[in-house]
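An overview of the molecular structure
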Amino acid sequence: NLMDPFTWNLIDMPVRGRKCVHGQCFDLKTFLSFMNVQRVRQWKCPVCNKDCRSFYVDIQQLEAQSNLGSNKLKGAAKNFQNKYRFTEMAAQHSFY
């Protein structure tokens, strides 16, 4: 699914939590923005509710998005690949 479960917009940066076993991704920027405005940050996956303090970027979905005809999806994947050279990211957060 190319739609973010928070916003139902197209996913720009598809990620899953390291503990997740499902295939559904969510958008990293949307997730971190949502966590940033929460008074009590629970860092739970929006799909399976497991701990989501670290992420895997779904490179396969990024490649699939870049093969689609949408310029927005192609631009997001290309910009990410040009900026970063890793496949795992950890959330930067504070509990206080």
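Everything that follows concerns the structure shown earlier in this document.
Analysis parameters
Residues numbered from 1 in each chain as written. Predicted model: local features only at pLDDT ≥ 70, side-chain atom pairs only at ≥ 80, totals over all residues. Heavy atoms only, no water. Core = buried A, V, L, I, M, F, W, Y, C linked by side-chain atoms within 4.5 Å. Buried < 20%, exposed > 50% of the residue type's maximum accessible area, 1.4 Å probe, protein only. Helix = DSSP H or I, 4+ residues; strand = E, 2+ residues; numbered from the N terminus. Contact = heavy atoms within 4.5 Å. Phe/Tyr/Trp six-rings, centres within 6.5 Å; stacked < 30°, edge-to-face > 60°. Salt bridge = Lys/Arg side-chain N within 4 Å of Asp/Glu carboxyl O.

Concerning the nonpolar core
Of all hydrophobic cores here, the largest spans 13 residues; its most connected members are Met13, Val15, Phe26, Phe31, Cys52 and Phe55. Listing elements by their share of this core, those giving two or more residues are helix H1 (28–37) and strand E3 (54–57). It is H1 that provides the largest number of residues to this core, a total of 3 residues. Apart from residues lying up to four places away in sequence, phenylalanine 31 is in contact with Phe6, Phe26, Trp43, Lys44, Pro46, Cys52 and Phe55.

Here's the deal with the packing of aromatic side chains
Throughout the structure, instances matching the rule amount to 6 aromatic pairs. Measuring from centroid to centroid gives 6.1 Å for phenylalanine 6 and phenylalanine 31, while their planes differ by 35 degrees, and the two rings are tilted. In this pair, phenylalanine 6 sits in the segment before strand E1 (14–17) while phenylalanine 31 sits in helix H1, placing the two residues 25 residues apart along the sequence. Phenylalanine 6 gets classed as partly exposed once you look at its relative accessible area, which sits at 28%. Classification of phenylalanine 31 by relative accessible area gives buried; the value is 0%. For the pair phenylalanine 26 and phenylalanine 31, a centre-to-centre distance of 5.1 Å together with 50 degrees between the ring planes defines the contact as tilted.

Concerning the pattern of salt bridges
Here the idea is simple: oppositely charged side chains can pair when their charged atoms come close. One pass over the structure, following the stated rule, counts 2 salt bridges. The partner of arginine 16 in a salt bridge is aspartate 58, and the shortest N-O contact between them spans 2.7 Å. Of this pair, arginine 16 sits in strand E1 while aspartate 58 sits in the loop between E3 and helix H2 (59–67), placing them 42 residues apart in sequence. Under the relative-accessibility criterion, arginine 16 is labelled partly exposed at 22%. Relative accessible area serves as the criterion here: at 11%, aspartate 58 is assigned to the buried category.

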